[in-house]
Amino acid sequence: MIDGRFDVVGASGPTHFFEGLSAETLSHGYLLAGPAGVGKKTFALRLAQSLLCVTPKTTLLGYCGICSGCTRVVAGVHPDLYVAEGQVKIGEREGGGFHAAEEATARDLVRQLSMHSYAGGRRVFVLGDVDFTREAANALLKFFEEPPAGVLLLLTTAAPARILPTVRSRLLEITFPLLTSREVAAILEREGVEPDLAASAAGLAAGSVARARAVLDGEGTLRDAVVTWFFATLEGAYADPAWATRPTLEEGLETIKTLTRDWLALRVGGAEVPLLARDQSERIGRLPQREPAAIARALGALGDAERIARTNVSPALVADLAKMALVTTNVGA
Ligand SMILES: [Zn+2]
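Residues numbered from 1 in each chain as written. Predicted model: local features only at pLDDT ≥ 70, side-chain atom pairs only at ≥ 80, totals over all residues. Heavy atoms only, no water.

So what's going on with the coordination of the zinc ion? Residues and values would help.
Here the zinc ion is held by Cys53 (SG), Cys64 (SG), Cys67 (SG) and Cys70 (SG), and the distances to it run 2.3 to 2.4 Å. One can describe the site at the zinc ion as tetrahedral: its four donor atoms subtend angles covering 104 to 117 degrees at the metal. For the zinc ion, the donor residues sit on a single chain with the sequence spacing C-x10-C-x2-C-x2-C. Of this pair, Cys53 sits in the loop between α2 (40-52) and α3 (68-75) while Cys70 sits in helix α3; the two residues are 17 residues apart in sequence, bridging distant segments of the chain. The burial state of Cys53 is the same as that of Cys70; both residues are buried. (Donors = N, O, S within 2.8 Å, 3.2 Å for Na, K, Ca; no water. Tetrahedral: all angles 85-135°; square planar, octahedral: opposite > 155°, others 65-115°. Helix = DSSP H or I, 4+ residues; strand = E, 2+ residues; numbered from the N terminus. Buried < 20%, exposed > 50% of the residue type's maximum accessible area, 1.4 Å probe, protein only.)

Hey, could you go over the pattern of salt bridges for me, with residue numbers and the actual values?
Oppositely charged side chains may form a pair once their charged atoms are brought near each other. The full count for this structure, using the stated rule, is 14 salt bridges. Its salt-bridge partner being Arg162, residue Asp131 comes within 2.6 Å of it at the nearest N-O pair. Of this pair, Asp131 sits in strand β3 (residues 123-132) while Arg162 sits in the loop between β4 (151-157) and α6 (165-168), and the two are 31 residues apart along the sequence. Owing to a relative accessible area of 57%, Arg162 belongs among the exposed residues under this scheme. Here Arg170 makes a salt bridge to Glu145, at a shortest N to O gap of 2.7 Å. Of this pair, Arg170 sits in the loop between α6 and β5 (172-175) while Glu145 sits in helix α5 (residues 134-145), and the two are 25 residues apart along the sequence. (Salt bridge = Lys/Arg side-chain N within 4 Å of Asp/Glu carboxyl O.)

Quick one: what's the story with helix α11 (residues 249-269), residue by residue and with numbers?
Helix length check: α11 (21 residues) gives 30 Å between terminal C-alpha atoms against 30 Å at 1.5 Å per residue, within 8%. After α11 finishes, the residue Gly270 shows a positive phi value of roughly 80 degrees. (Expected span 1.5 Å × (residues − 1).)

Hey, could you go over the confidence of the model for the protein chain for me, with residue numbers and the actual values?
Averaged over the protein chain, the pLDDT score is 87; the fraction of residues at 70 or greater is 94%. Note on residues 94-101: pLDDT is under 50 here. Beyond four places in sequence and across chains, it has 19 contacts. (pLDDT = per-residue confidence, 0-100. Contact = heavy atoms within 4.5 Å.)

Quick rundown of the packing of α2 against α3? Include the residues and the values.
Two numbers describe how α2 lies on α3: the axes approach to 8 Å, and their chain directions differ by 155 degrees. When the axes of α2 and α3 are compared, the pair comes out roughly antiparallel. In terms of crossing hand, the pair formed by α2 and α3 is right-handed. Residue-level inspection shows Leu45, Gln49 and Leu52 of α2 in contact with α3, the latter providing Gly69, Cys70, Val73 and Val74. Partitioning the contact of α2 with α3 into residue classes produces five nonpolar, two polar and no charged. (Axes fitted to C-alpha atoms, helices over the stretch in contact; angles between N-to-C directions. Parallel < 35°, antiparallel > 145°, perpendicular 65-115°, else oblique. Left-handed = near helix turned anticlockwise from the far one by under 90°. Nonpolar A, V, L, I, M, F, W, Y, C, P; charged D, E, K, R; others polar.)

Provide a residue-level description of the packing of α11 against helix α13 (residues 292-309), including the pertinent values.
Between α11 and α13, whose axes approach to 10 Å, the crossing angle comes to 170 degrees. When the axes of α11 and α13 are compared, the pair comes out roughly antiparallel. Residue-level contacts link Leu249, Leu253, Glu254, Ile256, Lys257, Thr260, Arg261, Trp263, Leu264, Arg267 and Val268 of α11 to Pro292, Ile295, Ala296, Leu299, Leu302, Ala305, Glu306 and Ala309 of α13.

Can you break down the packing of aromatic side chains residue by residue, with the values?
Applying the stated criterion to the full structure yields 11 aromatic pairs. For the pair Phe6 and Phe43, a centre-to-centre distance of 5.2 Å together with 75 degrees between the ring planes defines the contact as edge-to-face. With Phe6 in the segment before α1 (12-19) and Phe43 in helix α2, the pair connects residues that are 37 residues apart, well separated along the chain. Where Phe18 meets Phe43, the ring centres are 5.6 Å apart and the plane angle is 45 degrees; that geometry is what we call tilted. One end of the pair, Phe18, is in helix α1; the other, Phe43, is in helix α2, and 25 residues separate them in sequence. You'll find Phe18 and Phe43 in the same group, each marked buried. Through a chain of ring-to-ring contacts, the aromatic side chains of Phe6, Phe17, Phe18, Tyr30, Phe43, Tyr63 and Phe176 assemble into a single cluster. (Phe/Tyr/Trp six-rings, centres within 6.5 Å; stacked < 30°, edge-to-face > 60°.)

Describe the side chain of Ser27, listing the residues and the values that go with them.
Assignment of secondary structure puts Ser27 in the loop between α1 and β1 (29-33). A residue is classified by how much of its surface remains accessible, and Ser27, at 19% relative accessible area, is buried. Beyond its immediate stretch of four places on either side in the chain, Ser27 contacts Leu152 and Leu172.

Go over a nonpolar patch on the surface with me, naming the residues and quoting the values.
A cluster of nonpolar side chains, contributed by Ile308, Leu317 and Leu321, occupies part of the molecular surface with about 200 Å² of accessible area. One can find Ile308 in helix α13. Residue class for Ile308 comes out partly exposed when judged on its relative accessible area of 31%. (Patch = residues over 30% accessible without salt bridge, like charges linked within 9 Å, V, L, I, M, F, W, Y side chains within 5 Å. Areas by Shrake-Rupley, 256 points an atom, 1.4 Å probe, with all protein chains shown as cover.)

In structure tokens:
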């Protein structure tokens, strides 16, 4: 008997819940519900791995990571693990293999649910971001009511209200909360993202790994974050300085200077002046009316902040300096 490991970041509530279960008390089906990108499907797959791991363990949750069951799950080829994504429709589909990671049809599912376990143990069905057409739900209803022995259904959804009540009422709902930025950063770091970059993406991701990955992948998202910060700062609202990290600091300050220059240009030259941040001209036009001299001083202070940013001070301090430069434009106006 070993103590299996259960390598999932966040989700302490669901982890605690399943830790308290045994093979006997495990229900036949769960609906893992919660915001997008908080690790519901990862959790479902690690739970499936826990059940398909062949090394004897002390708890339901946990796996060895090296047995034939574990390696097959990780490689996506375990014959007793069925994984699908998206809406389940009724129709027949060409050549639906057991491991097909694409959409499942109700007919596939009925067929698969009726099969016997390959390894002689449990069979686990993970349906990610699931949603059923009414026909598909009806076709599957008796399986949700009472699946064949040894079958575990794990459904995930970010919109539990969209799951038909007939299906939803037959599953036990487990709620997943948003992740903390720390947890998001930890997940990104595991994926090989530099700690600084992971922290900054996590700061912009509002608790969702999916959003953090989008921040990392997306073009112009740093600029978006800086633009949001710039206007919030000048409007006296809370401005999240998460854009200010070592690798993003210089580019971020450059964006702030561009917006400030446009603000000054608009104050001095009026609406005719062509702006550099043309997509923001309307919002810049709505900024508080400050003295051109005060905005020019702010530009100077932003230049100072840029020089300081090249030294070893913390990015957060530089963001504070930039904020100070902007908010003090109202002094002496
Ligand atoms: Zn194992």
